Amino acid sequence: MVKLATIAGSDASGGAGLEADLKTFEEYGLYGMAAVTVIATMDSDNDWAHRVFPVDEGALRAQLETVFKGVGVSAAKSGMLGTFYAVELTREYLSAYGVKNFVLDPVMVCKGAGEALNPELNNAIAEKLLPLAEVATPNLFEAEQLSGLTGIDTLEKMKEAARIIGGKGARHVFIKGGAKLPNQDRALDLFFDGRDFFTLEDELIKTSWTHGAGCTTSAAIAAGLARGLSAREAAVLAKKFIAASLKAGFPLNRWVGPGNPSAWRGAHLFG
Ligand code: PXL
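All values derive from a computational prediction rather than experimental measurement.

1. Regarding the nonpolar core
Proteins that are soluble and globular tend to have nonpolar side chains buried together.
Stage number 1. The biggest cluster of nonpolar side chains holds 43 residues, and the ones touching the most others in it are Leu64, Phe68, Leu130 and Ile175.
Stage number 2. The biggest single contributor to this core is helix H3 (residues 84–96), with five residues.
Stage number 3. Setting aside anything within four residues of it in sequence, one finds Phe68 in contact with Ile7, Val73, Ala76, Tyr93, Leu94, Tyr97 and Val99.
Stage number 4. Grouped together as the second largest cluster of nonpolar side chains are 25 residues, Phe191, Ile221, Ala223 and Ala234 included.

Structure (structure tokens):
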């Protein structure tokens, strides 16, 4: 059994975070483990306002020991880290255990929360984790934060950001969410391998139920790497996976709805 791990927050509502990651790993036929960094909760009496509770440093280290020392992994991804010590422990364990297949999802915003999370961590994520990343998967906002560029509103600017982020150490950069560029009616993402750019275009799935889409995409890339795909092959397959998931999105309540990673089974088996 191929094993991989996510170092990420728990989304108590189940659509994003490590819950999305583990569901995705399962769909790829892999054995998933999780080291929980923070617990995110949402308040239905207060317009689904998010709260984030960090897991203490000792408990996070003990989980990382379990995962990396006690079991071992073929790949790992990180999601919402939430504290400086989570960034540093992630760096420490990935380095100590020589994890090459590491996908950095530099979670800096949460659609539901509507604002930047922990902006004080952004530099630490860039400095400590980009150099370890086989693939970094920023959305447009995160690409701006990691590259220092502002107002990424064209494919050319996405490319410039990818080049800067690659220059900071990520071996491949996958910028998600080009659908948000002005006048964009296709789902457009950009993949950069340190030399060449590839655009990944697909039908834009018009849905409000996109909660967890970023987590799912980066988890699918990590799962593809664990399966032995190249970074580019893993990104191409992840894009198909997320499209199937979003086509089957559904509401949880009046505020939020996730994609459905298990939709892949049907899409995959029955075309
Ligand atoms: O989608 C970003 C995200 C990542 N991780 C956790 C979250 C969220 C958004 O809600 O809760 C744990």
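On we go from here.
2. Thoughts on the pairing of strand S2 (residues 31–43)
Stage number 1. Here strand S1 (residues 3–11) pairs with S2 via eight bridges, running parallel. Within S2, the position partnered with Leu4 by the bridge is Gly32.
Stage number 2. Strand direction decides the pairing type here: S2 and strand S3 (residues 49–54), joined by six bridges, are antiparallel. Bridged to Asp43 within S3 is Ala49.
Stage number 3. Between the antiparallel neighbours S2 and S3 lie five residues, among them Asp47 with a positive phi of about 55 degrees.

3. Let's talk about the packing of H3 against helix H4 (residues 122–129)
A pair of packed helices is characterised by two quantities: the angle between their axes and the separation of those axes.
Stage number 1. Where H3 contacts H4, the two axes come as close as 10 Å, and the packing angle between them is 5 degrees. In terms of orientation, H3 lies roughly parallel with respect to H4. Between H3 and H4, the contacting residues are Phe84, Val87, Glu88, Thr90 and Arg91 on the first element and Ala124, Ile125, Lys128 and Leu129 on the second.
Stage number 2. Of the residues that constitute the contact of H3 with H4, the class distribution is five nonpolar, one polar and three charged.

4. Section: the site of the ligand
Stage number 1. With respect to spatial proximity, the complete set of residues near the ligand consists of Gly9, Ser10, Asp11, Ala16, Gly17, Ala40, His50, Met80, Cys110, His211 and Cys215.
Stage number 2. In the complex, the protein chains occlude 95% of the 310 Å² of accessible area that the ligand would expose alone.
Stage number 3. Partitioning the shell around the ligand into residue classes produces five nonpolar, five polar and one charged.

5. Thoughts on the packing of aromatic side chains
Stage number 1. Overall, the coordinates contain nine aromatic pairs when judged by the stated rule.
Stage number 2. When the ring of Phe174 is compared with that of Phe191, the centres are 6.5 Å apart and the planes differ by 55 degrees; the resulting orientation is tilted. One end of the pair, Phe174, is in strand S7 (residues 173–175); the other, Phe191, is in strand S8 (residues 186–192), and 17 residues separate them in sequence.
Stage number 3. The class of Phe174 is buried, set by a relative accessible area of 1%.
Stage number 4. Given the relative accessible area of 1%, Phe191 is considered buried.
Stage number 5. By way of ring pairs, the aromatic residues Tyr28, Phe241 and Trp264 are connected into one cluster.
Stage number 6. Above the face of the Phe198 ring, Arg232 is positioned so that its terminal group lies 3.4 Å from the ring centre.

6. Brief notes about helix H5 (residues 140–147)
Stage number 1. In terms of burial, H5 is largely enclosed, as six of its eight residues are buried.
Stage number 2. Listing the buried residues of H5 in full gives Leu140, Glu142, Ala143, Glu144, Leu146 and Ser147.
Stage number 3. Here the buried face of H5 lies against H4, helix H6 (155–167) and S7.
Stage number 4. The residue sitting at the N-terminus of H5 and contributing the capping side-chain oxygen is Asn139; that oxygen lies 3.2 Å from the backbone nitrogen of Phe141.
Stage number 5. Positioned one or two residues after H5, Gly148 has a phi angle of 85 degrees, which is positive.

Calculation criteria
Residue numbers restart at each chain and count upward from 1, following the sequence in its written direction. Per-residue local features of the predicted model are confined to residues with pLDDT of at least 70, and side-chain atom pairs are confined, for both listing and counting, to 80 or more; whole-chain, interface and lining totals are unaffected and use all residues. The basis for every side-chain value is the complete set of heavy atoms in the structure, and neither hydrogens nor water enter the calculation. Residues grouped as a nonpolar core are buried Ala, Val, Leu, Ile, Met, Phe, Trp, Tyr and Cys residues, joined through side-chain atoms within 4.5 Å. Burial here depends on accessible area, computed with a 1.4 Å probe over protein chains only, as a share of the maximum for the residue type. Under 20% is buried, over 50% is exposed, and the range in between is partly exposed. Each helix is a run of DSSP H or I of at least 4 residues and each strand a run of E of at least 2, with the numbering of both proceeding from the N terminus. Contacts are residue-level and defined by heavy atoms, with any inter-residue pair within 4.5 Å sufficient. Here, a strand pair is defined by DSSP locating no fewer than two bridges between the strands. Fitted lines through C-alpha atoms give the axes, limited to the stretch in contact for helices. The angle between two N-to-C directions lies from 0 to 180 degrees. Under this scheme an angle from 65 to 115 degrees is roughly perpendicular, one under 35 degrees roughly parallel, and one over 145 degrees roughly antiparallel; angles in between are oblique. The classification used treats Ala, Val, Leu, Ile, Met, Phe, Trp, Tyr, Cys and Pro as nonpolar, Asp, Glu, Lys and Arg as charged, and all other residues, Gly among them, as polar. Residues are labelled near a given molecule or strand when at least one of their non-hydrogen atoms is within 4 Å of it. Using a 1.4 Å probe, accessible areas were evaluated by the Shrake-Rupley method; residue-level cover was limited to the displayed protein chains. A pair of aromatic rings is counted whenever rings of Phe, Tyr or Trp (Trp by its six-membered ring) have centres within 6.5 Å, and the orientation is called stacked for planes under 30 degrees apart, edge-to-face for over 60 and tilted otherwise. In this analysis the charged atom, NZ for Lys or CZ for Arg, is taken to sit over a ring once it is within 6 Å of the ring centre and within 35 degrees of the ring normal. Whenever two N or O atoms come within 3.5 Å, that pair is a polar contact, provided that in protein one can donate a hydrogen and the other can accept it, and provided that, for residues adjacent in sequence, both atoms are side-chain atoms.

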